[in-house]
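Structural overview for review
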Amino acid sequence: MKRLLPRLVVLVTPVVCATCSFATMTTIAIDGTAAGAVLAWEGGEPQASVVSGSPASDGSVPKQPGGVTYAPLVVKCQFPPSQEIVKWLGDLCTNSTSQRKILLTDYDDAGNPAGATEFQGARLARVVFPKLDAAAASAGPMTLVFAVVGSAAATPMPAGTSARGTAGGGFRFMVDGLDGTGALRMGEFSISQGTIVTDPSNSRITSATNGPLNVSNLVATISGAKSQTWQAWATDFLVSGHNDDASEKGGSLEFLDATMKSTVLTLGFQHLGIVRFGRASDPAGAMQGELYVEKVSVMTGGGTSQTQTAATDFVPVDPNQLRSGTGMLSDGSKTTDVVPVDASQLGTGTGMLSDGSATSNPTTDTVNGARAILSDSVATSTATAPRAGTLADA
């Protein structure tokens, strides 16, 4: 007869995480305004370091929590972001330290609010843009990191006040004077304010301190058949050593909607420099360039890039400062392909911009009133009247 061994029954009590969402849908509101759907979020909870005391007589080390802080709030949202998030991104790019209130509301399967958490004194510390592929129908999520000073349970946002957005599709990456029609892919990149500290053991972000603005390098994969102008610039910038401020370029990255026809968000880049250009591992025959960028500006909807704006944005300067091939916009960005003009042409209502295809033979139509002439000889009849003094030495 077999002997029956006693069965060990273990009762497991589930642990509920106060800062983890298991809801069907989560939405975000900023200062009371609905700001879109959230795919996932974590953090924002109080945390403390461990303070160790002197060893006890039995050899054990007494411990207690140190000063309490709040973990950064990490939010993954659909792309493109809502207008409220875009506005905050614009503040980040100007190195603003504005603080706002964030409300995350969870909804159940029936669409009813299941709970909400409010985060006080939130400061946008980092934005991570997704990888882009010209052959893909949509972009991945956008990651936002917020430094917060407090969190607490709150009244949920009513159902139906924050709908999911429409995922974006393709992109256009343009750099002044370079062939932008061959951009195939863009690597993930980020814009950060201050220092973001990550625990290497679990990749969890533990702190976000204030500080200078930092833009990570841009990595673009270019079709080999469209790479000649990129290669020429890399050779001139790196090998020939023509890499001063006047040799840096401006550019833009346009995010398109799923139809590939409308621009939903544009980032303008100032002071672009190339640090690497060589063969890409994939796709076959493609080239890959890596660029640094010093400044970023944000535009929404179908706004044009900084190299295509009307002449109203130039800094008033002394005409004697004019020099062939250089120019400056009022936000400090340079246009390196501005057409040289005679100083006598300058005056109230005059201006000239470069779209990257500079020519020494612009149209003879003068710019006056509400007109501006681009360097590719295309008149912009709807431009607003520019200010006096339109080109500046870089």
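These figures come from a predicted structure and were not determined experimentally. (Residues numbered from 1 in each chain as written. Predicted model: local features only at pLDDT ≥ 70, side-chain atom pairs only at ≥ 80, totals over all residues. Heavy atoms only, no water.)

**A short note on the nonpolar core**
The line we're drawing: The term nonpolar core refers to a set of buried residues drawn from Ala, Val, Leu, Ile, Met, Phe, Trp, Tyr and Cys, joined through side-chain atoms within 4.5 Å. In this scheme, a residue with accessible area under 20% of its type's maximum is buried, one over 50% is exposed, and one in between is partly exposed, where area comes from a 1.4 Å probe on protein chains only. Every residue pair with non-hydrogen atoms within 4.5 Å of one another is taken to be in contact.
Grouped together as the largest cluster of nonpolar side chains are 56 residues, with contacts concentrated most on F129, F146 and F173. Other than its neighbours up to four places away in sequence, F129 contacts F79, L89, M142, E188, F189, I191, F255, L265 and L267. Counting seven residues, the second-largest nonpolar core is a separate cluster that includes A125, V145, I196 and A208.

**Here's the deal with helix α2 (residues 228–239)**
What counts here: Secondary structure elements are taken from DSSP: a helix is a run of H or I of four residues or more, a strand is a run of E of two residues or more, and numbering for both begins at the N terminus. Each helix should span, by expectation, one fewer than its residue count multiplied by 1.5 Å. The arc refers to the directions leading from the helix axis to the C-beta atoms.
Look at α2: 16 Å from first C-alpha to last across twelve residues, which is about the 16 Å you get at 1.5 Å a residue. Buried within α2 we find W230, W233, A234 and F237. Seen along its axis, α2 keeps its buried residues to an arc of 100 degrees; they face one direction. Seen from the open side of α2, the exposed residues pointing more than 90 degrees away from its buried face are Q228 and V239. For α2, the elements touching its buried residues are β11 (171–175), β15 (218–222), β16 (249–256), β17 (263–279) and β18 (287–300). Following α2 by one or two positions, G241 adopts a phi angle in the positive range, close to 80 degrees.

**Topic: the environment of S297**
Quick reminder of the rule: Each polar contact in these results corresponds to two N or O atoms within 3.5 Å; when the atoms are within protein, one needs to be able to donate a hydrogen and the other to accept it, and residues that are neighboring in sequence are counted only if both atoms are side-chain atoms.
Tracing the backbone through its elements, the reader meets S297 in strand β18. Residues S297 and Q270, 27 residues apart in the sequence, show an inter-C-alpha distance of 8.2 Å. Among residues more than four places away in sequence, those in contact with S297 are T266, L267, G268 and Q270. A polar atom in the side chain of S297 sits 3.4 Å from the side chain of Q270.

**Some thoughts on the packing of aromatic side chains**
Here is the rule we go by: Two rings belonging to Phe, Tyr or Trp (six-membered ring only in the last case) form a pair when the distance between their centres is within 6.5 Å. Interplanar angles under 30 degrees mark stacking, angles over 60 mark edge-to-face geometry, and anything in between is tilted. Criterion for a charge above a ring: Arg CZ or Lys NZ at most 6 Å from the ring centre, at most 35 degrees from the ring normal.
As enumerated under the stated definition, the model contains ten aromatic pairs in all. Centre to centre, the rings of F173 and F269 are 6.4 Å apart; their planes meet at 75 degrees, and the pair counts as edge-to-face. With F173 in strand β11 and F269 in strand β17, this pair connects stretches of sequence that are 96 residues apart. We classify F269 as buried; its relative accessible area is 0%. The side chain of K249 reaches across the aromatic face of W233, ending 5.4 Å from its centre.

**With respect to unusual backbone geometry**
At the junction of F79 and P80, the peptide bond is cis and its omega measures out at 5 degrees in the coordinates. Within the secondary structure layout, P80 lies in the loop between β5 (73–77) and α1 (83–93). Phi at D31 takes a positive value of approximately 50 degrees, unusual for a residue other than glycine. When you line up the elements, D31 lands in the loop between β1 (25–30) and β2 (33–43). The class for D31 is partly exposed, based on a relative accessible area of 48%. Even without being a glycine, N95 presents a positive backbone phi close to 65 degrees. Position of N95 among the secondary structure elements: in the loop between α1 and β6 (100–107). By relative accessible area, which is 36% here, N95 ends up partly exposed.

**Observations regarding the confidence of the model for the chain**
Going by this rule: By definition, pLDDT measures how confident the predictor is in each residue, and it falls between 0 and 100.
Here the chain averages 75 in pLDDT, and 68% of its residues register 70 or above. Ignoring residues within four places in sequence, the model shows residues 303–394, a span with pLDDT below 50, making 173 contacts including any to other chains.

**Looking at α1**
All buried positions along α1 are accounted for by E84, I85, V86, W88, L89, L92 and C93. At the C-terminal side of α1, N95 shows a positive phi close to 65 degrees.

**Brief notes about the pairing of strand β7 (residues 113–129)**
Note the following rule: Note on pairing: DSSP must find at least two bridges between two strands before they are called paired.
Bridge analysis of β6 against β7 gives seven bridges, and the strand direction is antiparallel. Within β7, the position partnered with L103 by the bridge is E118. What sits between the antiparallel neighbours β6 and β7 is a turn of five residues, in which G111 has the positive phi angle 85 degrees. Pairing analysis gives four bridges linking β7 to strand β10 (residues 150–153), with the strands arranged antiparallel. Opposite E118, over in β10, you have A152 as the bridge partner. Note: β7 against strand β13 (residues 189–199), four bridges, orientation antiparallel. Among the inter-strand pairings, F129 is bridged to a residue of β13, identified as F189.

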